[in-house]
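# Close look at the chain arrangement
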Amino acid sequence: MANSQAMATLQVHINRIRNFLNFTKAFLKKRNPIKMFVTEFTAYMKDLCTVKQKLKKIKFRINYERYKLKKTELILAQNSDHVFLKGRQLNQTR
């Protein structure tokens, strides 16, 4: 009697281990963490290698926006009569 109960509990544990291994196999097949790690690592390395190019583009864009801002401010200031610009307008007409 005790032997049959031990065999039954052993069979239950073996079934649980099989179910767990099947679940693990399906999870690894579906998610594939090694492949995900490799793709994320290559993307990180690519981003790391292109940081200087991205910074260069950002600096260029900031300088261009500053240029447009100064040009707009100059046009607005020229359209309104200010005392500090009268000399500049005189120099531009020469």
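These lines cover the structure that appears in this document, whether it is placed above or below. (Residues numbered from 1 in each chain as written. Predicted model: local features only at pLDDT ≥ 70, side-chain atom pairs only at ≥ 80, totals over all residues. Heavy atoms only, no water.)

### Quick notes on the overall build of the protein chain
In terms of regular secondary structure, the protein chain is built from 4 helices and 0 strands. Mapped from its N terminus to its C terminus, the protein chain presents α and β elements in the order α-α-α-α. Scored against the burial criterion, the 94 residues of the protein chain give a buried share of 2%. Roughly 9400 Å² of accessible area belongs to the protein chain as shown, and the carbon and sulfur atoms make up 64% of that amount. (Helix = DSSP H or I, 4+ residues; strand = E, 2+ residues; numbered from the N terminus. Buried < 20%, exposed > 50% of the residue type's maximum accessible area, 1.4 Å probe, protein only. Areas by Shrake-Rupley, 256 points an atom, 1.4 Å probe, with all protein chains shown as cover.)

### As for the pattern of salt bridges
Throughout the structure, instances matching the rule amount to 3 salt bridges. Of the charged contacts, one joins Lys-54 and Asp-47 as a salt bridge, the two residues approaching to 3.5 Å between their closest N and O atoms. The class of Asp-47 is partly exposed, set by a relative accessible area of 40%. For Lys-68, the salt bridge is made with Glu-65, and the minimal N-O distance between the two is 3.8 Å. (Salt bridge = Lys/Arg side-chain N within 4 Å of Asp/Glu carboxyl O.)

### A closer look at unusual backbone geometry
The residue Asn-32 is not glycine, and still its phi comes out positive at about 50°. Looking at the secondary structure, you find Asn-32 in the loop between α1 (2-31) and α2 (33-49).

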